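Here is how the chains run, residue by residue.
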Amino acid sequence: MRGRCVQVKTEEQIAAEQAWYGSEKVWLVHKDGFSLATVVKTEAGSLPEGKVKIKLEHDGSLLDVDEDDIEKANPPSYDRSEDLASLLYLNESSVMHCLRQRYGGNLIHSYAGPNMVVINPLSTPSMYSEKVMHMFKGCRREDSAPHVYSVAQSAYRNLLTTRQDQSIVLLGKSGSGKTTNCQHLVQYLVSIAGSTGKIFSAEKWQAVYTILEAFGNSSTTMNTNASRFSHVVSLDFDQAGQVASASIQTMLLEKLRVSRRPEAEATFNIFYYMMAGADSSLKTELHFNHLAENSAFGILPQSKPEDKQRSSQQFTKLQAAMKVLGISSEEQKALWLILGAVYHLGAAGATKDGDEAGRRQFARHEWAQKAAYLLGCTLEELSSSIFKHQAKGLQHSTSFRGGSDESGQGDGSGSKITALECLEAMASGLYSELFTLVISLINRALKSSQHSLCSLLIVDTPGFQNPRLAQQQRGATFEELCHNYTQERLQTLFYERTFVQELDRYKEENIELALDDIESSSSLSVAAIDQASAQALVRTLARTDEARGLLWLMEEEAVQPGGSEETMLDRLFSYYGSTQGDNKGANMLLRGEKPLLFLLGHSRGTDWVEYDVQGWLSHAKNNPAAQNAATLLQDSQKKNISSLFMGRASGATVLSGSIAGLEGSSQLALRRATSMRKTFTTGVAAVKKRSLCIQVKLQVDALIDMVRRSRVHFVHCLLPKAEAVGGGGEPRVTHGESSDSGLMTLDVGLLRAQLRGSKLLDALRIYRQGYPDHMVFSEFRRRFDVLAPHLTKKHGRNYIVTDEKRAVEELLESLELEKSTYHMGLSRVFFRAGTLSRLEEQRDVQTRRNITLFQAACRGYLSRQAFKKRKIQDLAIRCIQKNIKKNRGVKHWPWWKVFTTVRPLIEVQLTEEQIRGKDEEIQQLKQKLEKVEKERNELRLNTDRLESRITELSSELADERNTGESASQLLETETSERLRLEKDMKDLQGNFDSMSKQMESMEMEVMEARLIRASELNGEMDDDDTGGEWRLKYERAIREIEFTKKRLQQEFEDKLEVEQQNKRQLERRISDLQADNEESQRNVQQLKKKTQRLTSELQDTKLHLEGQQSRNHDLEKKQRKFDSELSGVQEEVQRERSLREKLAREKDVLSGDAFSLRQQLEDKDLEVCAVNLKVDQLEAELQDLNSQESKDEASLAKVRKQLRDMEAKVKDQEEELDEQAGTIQMLEQAKLRLEMETERLRQTHSKEIESKDDEVEEIRQSCSKKLKQMEVQLEEEYDEKQKVLKEKRELDSKLLTAQDKVRGGDVETEKRLRKDLKRTKALLADAQIMLDHIKNNAPSKREIAQLKNQLEESEFTCASAVKARKSMEVEIEDLHVQMEDISKTKQALEEQLSRLQREKNDLQSRMEEDQEDLNELMKKHKAAVSQSAQNLAQISDLQAQLEDALKEKQEVQERLQALQSQLEFQEQSMVEKSLVSRQEAKNRELETKLEFEKTQVKRLESLVARLKENLEKLTEERDQRSSSENREKEQNKRLQRQIRDIKEETSELSKKEGEASRKKHELEMDIESLEAANQSLQADLKLAFKRIGDLQAAIEDEMESDDNEDLINSLQDMVTKYQKRQNRTQGDSDTDSELEDRVDGVKSWLSKNKGSAKNLSDDGSLKSSSPPGRRRYGFTGSDEEEEEEEKEEGGAGSYRSNRYGSHVRDDGGAEDTPYESTS
């Protein structure tokens, strides 16, 4: 099984495909096949127009070829594509190349859209095993590889889901493997579906096909085991999807093959099997011990020993197969007897011209006697059945309309039927009856009485027959024409289902689909065979000029006096033929080289078959011998034969001797039989069903009608090469196939002809471009609403939908399908190929998920119920135990024993009486049951008998009704024909009367002239003078007449010569025009081919574009999903980060708590030690007191009390210490857990972040590729970027000033910090000296204030540097934002440019399409104008006809009045009622004719009005098209102007972007240098802070010293220096203002210190007043205000606290927080 998931292509595959696309590979099409080549790019004008230069791949030669001779090639990844519809470029060569590659890899099956293509392998493949069957069981078509089992599984799946009949039709040439595939299909369906009780096994079906091959197959030149009949396998399925019953219907049996067949071909296989495999007893019974040396039928034993051995084995296999199907030995014996009789009839032969008395008889009577014995009759009965009663048969044969015709009796054609033809008719009749019997026996073994729901039909017919394909120089026979006609009709059905119905459905649903011009179907070749005339129901033997098919012509010529094959062919060519013998494109019918040969183009002119019509009329004549065969078998003296055929005679198993196998009592079998009977009993069929030729058409009509009622699946079987099946020609080596010798060879020409004939490429195109899958709105919503559970929750499961279309649109929007993959019709939704299968797969996944949840809920419910049951059982067990305990307690109680002993005895009597009553009731019920069973059986038998009788009566009633309808129709047509003939006869009678009157007048004039001349001659004798005058007049008149004759003769000769010259000129002009016409037709054909090629390439490109768009849509969906997941992960990371920060803060708090607890513990330890010391002291004192005798008891008690108090305090402190130690341990454990959890979270998130970073990196790489492309474009436009230089210079100047500010400030800060450092070192030294000298004195507060002031100064200088750095960072961020805005603007402009470019292309394409539409409208307008002119002419003609009709109407009215008067007279004279009714019928006919004329007039008037409206609409559409074209031109110009403006803006933005990127880079370099300098300064500052902290720790109390003034002076010097520097820089930033505030505060503090040396507060903080709006600097006990001020100044970063209370930034900056000293 194959997976339909999309595999990600590797980089190597993508590179190979890109190289393939870049090289532009094509196929060169030539007469020997096709070759791979590469298009060579040349300069413009170096080659003529329409030419292209290519390089062949196999030899590297360069060729100049036409563009029409090359086709695009697909990449190598498509060489073995499973579905031909998935090819990137769909053309003939690519399809054949794919089929050839797959065939070479022993992959004989391929999908062709919804159809299947099978190439017949030369060897038997091992792909039809039972294991392979189970691999396809239950699979969808999309999930399975191409195989004939896949077709069967798809049809079976559709049958189960839709409960609709299915059918599988196999198409192809003879020898392409249709029958073999049919067997595989049946075996798969039977083995997979199964049957109730296993009544349909694979062994039984193998036996069925063994029998069919024996009785219906034979060896031909095209195929060694060719089927010579068509059959339909009907499998009926029940509600559970199992095979309930089966049957086989056969038709078009080639029964004449028994007695007559083409040369080098054999008869049916059964004769050879029987002659070689019969045992001695059977041979003796059949008189086969001595076989005849020659036979009139050509049935002779096989000569080769291996053939005899194989035939013997097949006969044994045949007998075993009959035994499997339940055919008894007596029935088998009857079959062998009939076959032996047929053989002996051939050995008996017949006399050629009869004996001396002219009688027809057997040539060898001894063999005829054997045949009569085997048939169970006498020789005389057999001879009379074959040779006698010919006159009666001929009379019946001429009466083809159901009655005897007088013309047939005087035909005299009965003498033309020879004795051999009678003998052949008897043999073919016997074999036909035998074959029908075999089919009945097979159906008897397959039928079942189970109820069936729907059917699956498998149609197998003989393939196309062409003797020339097998290198035979003979014409095809009539039987081969019938088989080819059947295949043509099935091809027409494929065309209707694939093209006509699809296009009609699109038209009904208002779906516009731009498709190529679909060629017409094969109706021309079909019409040449079976087209019926409109006078088919009229009883006339006259040859009319109306076109009709070959079968109708054969029937007419067979009953016409003097009819022959030559006249039949002449009439056929007069209807369908062509005068030019070599023009195969215009007509499907051509004359052959010999007189009785003709060519017919099958498969749309791709397969021309030459037919020989010699002796074809004999097929149209009914021979009584064939009809007597059934009677002979029924009247046989042998019981086994007569019983079989008498039983068949009662049932209607054959329709007119044509279709066999209509047995079956199931509902579906009766429906099939009724459908076929209806085909034979309606319309023309009711009249012509006795005609042998028309039966061929009726059988095929019945087959097509039965298949058309179901959903059809087509399997195209292809023939790989002609010599594969028989034919002795050399194999063709196609050019271009030699490159791969491993492939199995294919005849490319034969394969191309089969592909063109089957129209597979057109079917693939309409499948790819159209919407092959469709569903009704309600069904689609019901089936797929499981994929949108939110809609189901919103509306409810069983909500009523008022607008199904809107509901389906909501469902499709929720499914996020691309718009191009579906289309909403009026009543159903249409899908592109593959879309519905993907939805089905999603539905299956969702259904499995839902079922899993449902199973879980069910199991939970069952578990809870089981638990309840266990609880009840536990309660019951406890109750039983309690009762058992009670029973054990009373078991030995005497009264209980008495009770248990007496109670059964009391109930015994009652029980016996009840048993007797029940026995009597049982007996009565048994009697009633037997009676009811008898009545039921009788009723069942009566019901069955009545049902069978009802079916027979209903079929007979339908036949009679249809026959009555056809008879009434026939009567009406004959009545109208008789009326027409009567009218013609009256017209002719009138003409005859006028002509006779004219002739009488002429005769009178002649008589008068003779009398006058005689009187003149008499007068001449009487009077010589008068006679001389008259003689002169007479002579002068004679001379004038002669002169006039000569003059007229001369004028006639001159005119004749002129006419001949004109004729020659016209002939020359006609020849020139014909040559021009042929040239123009060739050009038109070439242009049409080119247009089709370009259109197909365009459609392939469109489909490829749609595929790319769908892929982009999927990628966008995946991208959106990835973005949502990424945002979720980022949010989770953010949460984890905040959680980590929170944990870190908690950790810091816990660590601080732990540190404080440790300090408290140390303090407590110290206290405990002090208490212990005190205790020791007290104990010592106690001892001292004890030793002192003089101490009183009161002091002792006081001491003891103090001791107890001290011990209690010690215990309390120890308990507190224990508690503190436990708390510390718990805090340490919590800290450890938090650290471990933090580490684990860090590892997991680091892994997740790494994976997400990899994905982001991939996306970033793809984006970087796009950015590189954009950079290349920006480099190309570098010359236009000079306008941004001014902005660059301005930014450079700003950057330099900022750098100067920062550098100057940093240098001064560094100098000041160094001075502060030196001063701090000096202060530290002085402080150390003072500590040495004055240890007991308190330190000076002034010194502390000085140190703290120095610390503050260093802090705000550091803060100024930090804030300068921050201002630079803010500027850099602004530049980043500007860069991002520029890039976004540029991207938006590029998108707008591409969108406008696309709109421009769309507008151009629309303009071209509108121009084409305008041209087409102009053509339509011209055609409509010409049509209107023609219609006006027709209207004038029709008006003339209307006037004639009105005149006729008046005449009819006059006649009607006359007839009415006659009718009144007859009624008065008591005429018979029949004459009155006849006259009334004539009156009604005249009235109907009058009404018909009226309706004809009205229709013509409506036609004129409609034509005028169409003309007005066409003119309006032309005006609208012209105005829309002008509007689109203006819009195109406006868009071009917008595109130019956008390009200019894009170039300017790209310049700005480049300059900004360079500026950004330079600023980043400057920032890095500043950060390095800042870090060095911060390190020095940290060192100073550390030393100041040490100094602060050393000073414990306030100190006074004279050096305070020096410190104040130094601070004043620093303030003045800072003011001077500030005046030089004159900065106006917020940082400078804040520094000025700090300096003002310091100045105010210094001024106060100069006035008073003791302005320090008791808490050690320096208080200075500042003006409003200024900051207040001082030392307080809280740090919160200082932290808030630091936040307001823009400080960032985390803070860490040292043990002395100073807060220092992580980045080196110090916060403005005072230093507090800790004790």
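These numbers were taken from a predicted model, which means no experiment stands behind them.

A.B. asks: Help me understand the overall build of the chain, please; the structure alone is not making it clear to me.
C.D. replies: Across its full length, the chain carries 39 helices and 24 strands. Per-residue burial over the chain gives 40% buried out of 1719 residues. Accessible surface, the chain: about 101000 Å² in total, of which carbon and sulfur atoms supply 51%.

A.B. asks: Help me understand the packing of helix 12 (residues 379-387) against helix 15 (residues 419-446), please; the structure alone is not making it clear to me.
C.D. replies: When two helices pack together, their arrangement is captured by the angle between the axes and the distance separating the axes. The interhelical angle for the contact between helix 12 and helix 15, taken along N-to-C directions, is 110°, at an axis separation of 8 Å. In terms of their interaxial angle, helix 12 and helix 15 are classed as roughly perpendicular. Taking contact as the criterion, the partners of S385, I386 and F387 in helix 12 are, on helix 15, A419, C422, L423 and M426. For the contact of helix 12 with helix 15, the per-class residue count stands at six nonpolar, one polar and no charged.

A.B. asks: Got a minute to help me understand a nonpolar patch on the surface in this structure?
C.D. replies: Residues W893, W895, W896, V898, F899, V902 and I906 make up a contiguous nonpolar surface patch of about 760 Å² in total accessible area. The topology assignment puts V898 in helix 31 (residues 894-1022). With a relative accessible area of 44%, V898 lands in the partly exposed category.

A.B. asks: Just to check I follow, could you spell out unusual backbone geometry for this structure?
C.D. replies: Where the residue is not glycine, phi is negative for most of them; where a peptide bond is considered, it is trans in most cases. Unlike most non-glycine residues, K759 shows phi in positive territory, near 55°. Its place among the elements puts K759 in the loop between helix 25 (748-758) and helix 26 (760-769). Of note, the phi angle at E816 is positive, near 60°, even though the residue is not glycine. Residue E816 is classed as partly exposed on the basis of its relative accessible area, which comes to 42%.

A.B. asks: Which parts of the structure should I look at to understand the packing of aromatic side chains?
C.D. replies: The geometry of an aromatic ring pair is captured by two quantities: the separation of the ring centres and the angle between the planes. One pass over the full model with this rule turns up 23 aromatic pairs. When the centroid spacing of 5.2 Å and the interplanar angle of 85° are considered together, the rings of W27 and F34 count as edge-to-face. When sorted by exposure, W27 lands in the same class as F34, which is buried. Look at Y156 and F237: their rings are 5.6 Å apart centre to centre, the planes differ by 50°, and that puts the pair in the tilted class. A residue pair is termed long-range when its members are at least 10 positions apart, and Y156 in helix 4 (residues 148-162) and F237 in strand 11 (residues 230-237) qualify at 81 residues. A relative accessible area of 10% places Y156 in the buried class. In textbook terms, an aromatic cluster arises when at least three aromatic residues are bridged by ring pairs, as seen for Y128, F136, Y149 and Y188. Positioned above the aromatic ring of F573 is the side chain of R591, whose terminal nitrogen or guanidinium carbon lies 4.2 Å from the ring centre.

A.B. asks: So what exactly am I meant to see when it comes to helix 25 here?
C.D. replies: At 3.6 residues per turn, the α-helix brings residues three or four places apart onto the same side. The element helix 25 is extensively covered by neighbouring structure, given that eight of its 11 residues are classed as buried. Taken residue by residue, helix 25 has V748, L750, L751, R752, Q754, L755, G757 and S758 as its buried positions. Buried residues along helix 25 sit against strand 1 (25-30), strand 2 (33-39), helix 2 (92-104), helix 16 (478-508), strand 19 (711-718) and helix 26. Directly beyond the C-terminal end of helix 25, a positive phi value near 55° is found at K759.

A.B. asks: It is not clear to me how the sheet that holds strand 1 should be interpreted in this structure. Could you clarify?
C.D. replies: Adjacent strands of a sheet form backbone hydrogen bonds with each other and so pair up, either parallel or antiparallel. Taken together, the five strands give an open sheet; going across it, the order is 4-3-2-1-5, and neighbouring strands pair in antiparallel fashion. The outermost strands of the open sheet, each flanked by one partner alone, are strand 4 (62-66) and strand 5 (70-72). Averaged over all pairs of adjacent strands, the angle between their axes in this sheet comes to 50°, without regard to strand direction. Here three bridges tie strand 2 to strand 3 (residues 51-56), and the two strands are oriented antiparallel to one another. Considered in strand 3, the bridge of A37 is made with L56.

Analysis parameters
Residues numbered from 1 in each chain as written. Predicted model: local features only at pLDDT ≥ 70, side-chain atom pairs only at ≥ 80, totals over all residues. Heavy atoms only, no water. Helix = DSSP H or I, 4+ residues; strand = E, 2+ residues; numbered from the N terminus. Buried < 20%, exposed > 50% of the residue type's maximum accessible area, 1.4 Å probe, protein only. Areas by Shrake-Rupley, 256 points an atom, 1.4 Å probe, with all protein chains shown as cover. Axes fitted to C-alpha atoms, helices over the stretch in contact; angles between N-to-C directions. Parallel < 35°, antiparallel > 145°, perpendicular 65-115°, else oblique. Contact = heavy atoms within 4.5 Å. Nonpolar A, V, L, I, M, F, W, Y, C, P; charged D, E, K, R; others polar. Patch = residues over 30% accessible without salt bridge, like charges linked within 9 Å, V, L, I, M, F, W, Y side chains within 5 Å. Salt bridge = Lys/Arg side-chain N within 4 Å of Asp/Glu carboxyl O. Phe/Tyr/Trp six-rings, centres within 6.5 Å; stacked < 30°, edge-to-face > 60°. Lys NZ or Arg CZ within 6 Å of the ring centre and 35° of its normal. Pairing = 2+ DSSP bridges.

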